[in-house]
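# Descriptive structure summary
Here is what each chain is made of, one letter per residue.
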Amino acid sequence: MTLKRRRQLAGVVFALPAIALVVGFIGIPIGQAIYYSFTQWNGLTSTWIGTSTWTQAFHNTNLWTALRNNGLLLLSVPFALAIPLCIAVLLHQRVAGWRIFRSIYFLPTAISWVVLGLVAERFFAYQGTLNSIIHALGFSHVSTNMLGYESEALIALGITFVFTMIGTNTMLFLTGLATLDPSLEEAARIDGAGRWRIFRSITLPHLRRFIQLAFVMTVIALFSALFSLIFVMTGGGPGYATTTMEFLIYETGFNQGDFGTAALYGLILFVITGIVGVVQLRLIGSNE
Amino acid sequence: MTTLMPPKRQRKIGRWILFGSMMVVAVIMLYPFWIMIITSLKSESQFLSGGGFSWLSWSTLTSVIPIGQEVLSSTIVCSSSILIILCVGLPAGFAFSKLRFRMSTVVFLVIVSAMMVPLQAILMPEFVNVTKLGLTGGYFGAILVYAALGTPFSVFLFSTYFRGVPDELIEAGIVDGLGYFGVTWRLIVPIAVPAIATVTVLQFIQIWDDLLVGLLFIQNTSERPITVGLAVLSAGRTTSIPALMAGSIVSAVPAMVVYLGFQRYLVKGLTMGIDR
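Please read these numbers as outputs of a predicted model, since none were measured by experiment.

## Observations concerning the overall build of chain B
Tallying secondary structure elements over chain B gives 15 helices and zero strands in all. Taking 276 residues into account, the globule formula puts the C-alpha radius of gyration at 19 Å, and chain B, at 24 Å, lies well above it. When burial is assessed residue by residue, chain B has 46% of its 276 residues classed as buried. Sequence-distant contacts in chain B: of pairs separated by 6 or more residues, those separated by 24 or more amount to 77%.

In structure tokens, the structure reads:
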């Protein structure tokens, strides 16, 4: 056997376990999800019913509620980017003790969203921190209970989501700022440019790729990482007010036992994240 | 007003404003820890009435939450999954960057794009498959699912990392009669220590903190990981909140220690691919 052949053979052998794991646990289930979305399925037996699962699903108001909730939560994305950007710029000034501040800011990123959800529940609760703050500000007759009302629970979830994303996004932006050549800013300052002008004309364009990456990661988290927060904070309620696509999949499959419809909802989620992924690839491609 | 001040003093005021805003952010980011600590230091009645201090929720913690068992479960699931992710991802990353075979680029792209598939999208078939294989009885189902979900990223990270390894090094090892397994074990693994650390730290935090897989793929309640145990107790709404907060602290400590100790590996992993 030639050396080249042997090297290729070794390559195949080395890659095989990873291929098997990914195909077996990710690839095959995607195919199955497509098949089962055309069936009536309870996990044990499935009967082919063609496209009627699809027409039923699209007439189901829960699906539209979940999609609307995800859509509304997208409004929190600008905050999940702008706040970390400000924090990163603050840290980048490198005042005394900035390393300690950096560690503190990143610390919540280490803990589970289950735990952060528990804390957020305490924050928004009737006897929680939010009401204490409101009362301390002198509005003693005002009391909120955001998680208890259909109109406000989603806002509370969005605020919690922004908080949970702060650490990761700040980290990304700070890394981006660290790669910025300080002599550029210096030159601009000598030319008489103000702080805001330097930020807009030098810092922001430099951070473009980092902002794009943070944007994509935030949107993907919004569609696929809220499960823990919803599970502990609201259980999807009140009603369906905080049920997003991923929670609807869980709810439909495991609480209602309708595996076929849940598989179909999974496919919809798959298409949505796929679109976000393609957008990301195109963004990266356009930069190179 | 500011124009009347000498520039030195102006700069000093600017510094204080900067420092003040950083303190405000610090208070907000530390809020979860503060609330966990003070709430855990109250008995249930003190918690409801607002005042007071008690060790009760800590001294009775093990009777409210099977915390030792849960931490053990988390540790078993975490370490086994990470071991598989490393053993599968490192050779594959090496193969895709240095031992290319026919179609290897296409296969690589397919594996990497699997990173974008959220578990929820394939949750139903995954659950039924793993259940039919009889793997939800112990830890194996969850371990394999975590391993499969973590593999695409680790393949991507290792292959990017190994791209910088000179081909001559591998050839020299082969000429010396090490064989490809020998080259991998003796030459590649030692080079890859920083990449191994990055994968380990990222996956540890991901798996330790995860709810969904542990909730569905570990059917035995006595084998529940800690994050799942906390979430289920909280959803039940009958457990005392001070005890839940004490449990939360226990679950948060290992991840925080790893996080603070290996911060730079984490940053490296997160920004992989864009800060070359």
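This is not the end of the story, as more comes after the structure.
## Some points on the interface of chain A and chain B
Listed per partner, the contact involves 69 residues of chain A and 70 residues of chain B. With 19 residues, helix H1 (residues 3–36) of chain A is the largest single contributor of residues to the side of chain A that touches chain B.

## Observations regarding helix H11 (residues 193–208) of chain B
All names here are of chain B. The first and last C-alpha atoms of H11 sit 22 Å apart over 16 residues, in line with the 22 Å expected at 1.5 Å per residue. Here H11 lies mainly inside the structure; twelve of its 16 residues are buried. Buried residues of H11: Ala195, Ile196, Thr198, Val199, Thr200, Val201, Leu202, Gln203, Phe204, Ile205, Ile207 and Trp208, and no others.

## Focus: the environment of A:Pro29
By the element assignment, A:Pro29 lies in helix H1. When the C-alpha atoms of A:Pro29 and A:Ala15 are compared, they prove to be 21 Å apart, with 14 residues separating the residues in sequence. Excluding residues within four positions of it along the chain, A:Pro29 makes contact with B:Ile122, B:Pro125, B:Glu126 and B:Asn129.

## Here's the deal with the environment of B:Met115
Residue and element names in this part refer to chain B. In this structure, methionine 115 sits in the loop between helix H6 (104–113) and helix H7 (123–132). Methionine 115 gets classed as partly exposed once you count the C-beta atoms within 10 Å, which come to 18. For the pair methionine 115 and serine 63, spaced 52 residues apart in sequence, the C-alpha separation works out to 40 Å. In contact with methionine 115, other than residues within four places in its own chain, are Pro152, Phe153 and Phe156.

## Points about the domain arrangement of chain B
Residue and element names in this part refer to chain B. Per the domain assignment, the segments making up chain B are domain 1 (2–58) and domain 2 (60–270). Domain 1 and domain 2 are separated by 34 Å when their C-alpha centres are compared. Between domain 1 and domain 2, the contact holds eleven residues from the first and ten residues from the second. For the side of domain 1 that touches domain 2, the secondary structure elements donating two or more residues are helix H1 (7–40), helix H2 (44–49) and helix H3 (56–59). Ranked by residues supplied to the side of domain 1 that touches domain 2, first place goes to H1 with four residues. The residue makeup of the side of domain 1 that touches domain 2, split by class, is five nonpolar, four polar and two charged.

Rules and cut-offs
Positions within a chain are numbered from 1, following the residues in the order the chain's sequence is written. Here the convention is simple: chains get letters from A, ligands get numbers from 1, in the order in which they are written. In keeping with the predicted nature of the model, local features appear solely for residues at pLDDT of at least 70, side-chain atom pairs appear and are counted solely at 80 or more, and the whole-chain, interface and lining totals rest on all residues. The helix count covers DSSP runs of H or I at least four residues long, the strand count covers runs of E at least two residues long, and both are numbered beginning at the N terminus. Every radius of gyration here is taken over C-alpha atoms, with the globule rule written as 2.2 Å times N^0.38, N being the number of residues. Working definition of burial: number of other C-beta atoms within 10 Å of the residue's own, with buried at 20 or more, exposed at 12 or fewer, and partly exposed in between, all C-beta atoms being placed from the backbone. The contact rule is simple: place each C-beta atom from the backbone, and if two of them lie within 7 Å, those residues are in contact. By this rule the span expected of a helix is its residue count minus one, scaled by 1.5 Å. Residue ranges for the domains originate in an automatic or database domain assignment. Residues were grouped as follows: Ala, Val, Leu, Ile, Met, Phe, Trp, Tyr, Cys and Pro as nonpolar; Asp, Glu, Lys and Arg as charged; and all remaining residues, including Gly, as polar.

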